[in-house]
Amino acid sequence: MKELTPVKKRIIQFLNDEGIKYRTFYRMTGIPNGTLNKESGVSEVFLEKFSSTFPFVNMTWVITGN
């Protein structure tokens, strides 16, 4: 089984907590479909798109877990 990065795990946790489906997330952010399921990390562009779409989410928590 693939091991996702901690950042992706926190984003998935956020989506689950908010009831946002992956398909909706990808459409809202412009992030390519399937990105959250890949083992690779996230890019600066990914974080920028996420932050722009969800400005109320604490990015320190997303990145560090604190």
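Heads up: these notes are all about the structure in this document.

What counts as what
- Residues numbered from 1 in each chain as written.
- Predicted model: local features only at pLDDT ≥ 70, side-chain atom pairs only at ≥ 80, totals over all residues.
- Heavy atoms only, no water.
- Helix = DSSP H or I, 4+ residues; strand = E, 2+ residues; numbered from the N terminus.
- Rg over C-alpha atoms; globule rule 2.2 N^0.38 Å.
- Buried < 20%, exposed > 50% of the residue type's maximum accessible area, 1.4 Å probe, protein only.
- Contact = heavy atoms within 4.5 Å.
- Areas by Shrake-Rupley, 256 points an atom, 1.4 Å probe, with all protein chains shown as cover.
- Lys, Arg positive; Asp, Glu negative; His and termini not counted.
- Charge placed at Lys NZ, Arg CZ, Asp CG, Glu CD.
- Arc of directions from axis to C-beta.
- Core = buried A, V, L, I, M, F, W, Y, C linked by side-chain atoms within 4.5 Å.

### As for the overall build of the chain
For the chain, the count of helices and strands is four helices and zero strands. Going from N to C terminus, the chain has its helices and strands arranged as α-α-α-α. Taken against the 2.2 N^0.38 rule, which gives 11 Å for 66 residues, the C-alpha radius of gyration of the chain at 11 Å falls within 12% of a compact globule. Overall, the chain is about 30 × 25 × 25 Å in size when its C-alpha atoms are taken along their principal axes. Looking at the 66 residues of the chain, the share that counts as buried comes to 33%. Sequence-distant contacts, at least 24 apart, represent 56% of the contacts inside the chain between residues at least 6 apart. On the chain, roughly 4,400 Å² of surface is accessible, and the fraction owed to carbon and sulfur atoms is 52%. Across the chain, the mean location of the 9 positive side-chain charges is 8 Å away from that of the 6 negative side-chain charges.

### With respect to helix α2 (residues 22–29)
Since one α-helical turn is 3.6 residues long, residues separated by three or four positions face the same way. Among the residues making up α2, those that are buried are Phe 25, Tyr 26 and Thr 29. Buried residues along α2 cover an arc of 95 degrees about the axis, so they all sit on one side. The exposed residues of α2 that point more than 90 degrees off its buried face are Arg 23 and Arg 27. Those residues of α2 that are buried lie in contact with α1 (6–18) and α3 (44–53).

### Points about the nonpolar core
Core analysis: the biggest nonpolar cluster contains 17 residues, and Ile 11, Phe 25, Leu 36, Phe 50 and Val 62 have the highest contact counts within it. Only α1, α2, α3 and α4 (59–64) provide two or more residues apiece to this core. Ranked by residue count, the leading element in this core is α1, at five residues. Among all residues touching Phe 25, those that are not within four sequence positions of it are Ile 11, Leu 15, Ile 20, Ile 31, Leu 36, Phe 46, Phe 50 and Phe 54.

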